[in-house]
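# Descriptive structure summary
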Amino acid sequence: MTTLGAVFRPQLAPERLRPLVRTAEEAGLEELWLWEDCFLESGIAAASAALAWTERLHVGVGLLPVPLRNVALASMEAATLYRLFPGRVSLAVGHGVQDWMAQVGARPDSPMTLLGEYLAAMRGLLRGERVTTDGSYVTLDGVALDWPPADAPPVFAGGVGPRTLRLTGAAADGTVLDTSVSADGVRRARRLIEEGRAAAGRTQEGHHKVVVYLLAATGPGAADRLHDELVRDGRESVPGLGAAGDAATVAKAVRELVDAGADTVVLQPTADEPDPEGFVRFVAEGVRGLVP
């Protein structure tokens, strides 16, 4: 069955998180995804709070920008969440927005090299291995976690470019695609991911999960809000992006992404969504029943 989720956008103040996650839990939402956009809110701190306030809700963070976070620290935080809330956490890492990375003096000369080294080290640490590596960006000298997860969790990576998607196939366990990707883009991403997996000899390791964000709006003014956000992002001319309307309309867009190769679809409200809690209920109680 397709997994369906929703996004808590960090444009909302941190104190808005608790009522929204309580609504998500009560409505039966499967997954709530958080972001770590500069300079809004911490993905790890928000995820920890959301998990502590709920009993069942699965929480994802997509994504943690690797230039901002030492891989040992990120792995320690990840392992802590996986042990405190087993089976309820997904974490994705990625390049981050390079202009933001430059603002904090952390922009790498080669984002691809950094992400590849980071994924190798993080996956090893979360498997409970003692890791020594001396790369261009990641240096570890006999580092092992004292409290690794009981079972090695999948490490997701985000990306949309061809080189990054091949890298996620080669070096990550799953891929997160943002709202710039249509159903045709999901098919293309699947092909590139599989190319990366084949080049790395990983095709026998099991299914590579793909999580896709879908920009969605419902209620009064939904079509205008969706259009305005696509215009702000410079994507209004890209066919097949986003869905505005009732549950049946949004569910149709979800099914198109699933048919293209998405395993999980996460509905992302517009930045000016007037009722975030209502949007979560719409996903859980309206769209969910129309998606197999």
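Here, every reference points to the structure presented above.
Now for a quick tour of the structure. What you are looking at is a predicted structure, and each value in this text was computed from that prediction instead of being measured.

Evaluated as defined, the whole model comprises 3 aromatic pairs. A centroid spacing of 6.3 Å and a plane angle of 45° characterise the contact between Trp 35 and Tyr 213, whose relative ring orientation is tilted. Separated by 178 residues along the polypeptide, Trp 35 in the loop between strand 2 (31–34) and helix 2 (43–52) and Tyr 213 in strand 9 (residues 209–217) bring together distant segments of the chain. Tyr 213 gets classed as buried once you look at its relative accessible area, which sits at 5%. Joined through ring pairs, the aromatic side chains of Trp 33, Trp 35 and Tyr 213 make up one cluster.

To continue, consider the nonpolar core. Counting 80 residues, the largest nonpolar core has Leu 29, Leu 32, Tyr 118, Met 122, Val 254, Leu 267 and Val 287 as the members making the most contacts within it. The biggest single contributor to this core is helix 5 (residues 111–126), with 9 residues. Among all residues touching Tyr 118, those that are not within four sequence positions of it are Val 66, Arg 69, Asn 70, Val 71, Ala 74, Val 93 and Val 138. The next biggest cluster of nonpolar side chains, apart from the first, holds 9 residues, and it includes Trp 33, Val 176, Val 211 and Val 266.

Turning to the packing of helix 1 (residues 17–27) against helix 10 (residues 276–287), a few remarks are in order. A packed helix pair is summarised by two numbers, namely the angle formed by the two axes and the spacing between the axes. For the pair helix 1 and helix 10, the least separation of the axes is 9 Å and the interaxial angle reads 20°. What the angle tells us is that helix 1 and helix 10 run roughly parallel. Judged by the sense of rotation from one axis to the other, the crossing of helix 1 with helix 10 is right-handed. Counting all contacts with helix 1, which are made through Pro 19, Leu 20, Thr 23, Ala 24 and Ala 27, the residues of helix 10 involved are Pro 276, Glu 277, Val 280, Arg 281, Ala 284 and Glu 285. For the contact of helix 1 with helix 10, the per-class residue count stands at 7 nonpolar, 1 polar and 3 charged.

About the cut-offs
Residues numbered from 1 in each chain as written. Predicted model: local features only at pLDDT ≥ 70, side-chain atom pairs only at ≥ 80, totals over all residues. Heavy atoms only, no water. Phe/Tyr/Trp six-rings, centres within 6.5 Å; stacked < 30°, edge-to-face > 60°. Helix = DSSP H or I, 4+ residues; strand = E, 2+ residues; numbered from the N terminus. Buried < 20%, exposed > 50% of the residue type's maximum accessible area, 1.4 Å probe, protein only. Core = buried A, V, L, I, M, F, W, Y, C linked by side-chain atoms within 4.5 Å. Contact = heavy atoms within 4.5 Å. Axes fitted to C-alpha atoms, helices over the stretch in contact; angles between N-to-C directions. Parallel < 35°, antiparallel > 145°, perpendicular 65-115°, else oblique. Left-handed = near helix turned anticlockwise from the far one by under 90°. Nonpolar A, V, L, I, M, F, W, Y, C, P; charged D, E, K, R; others polar.

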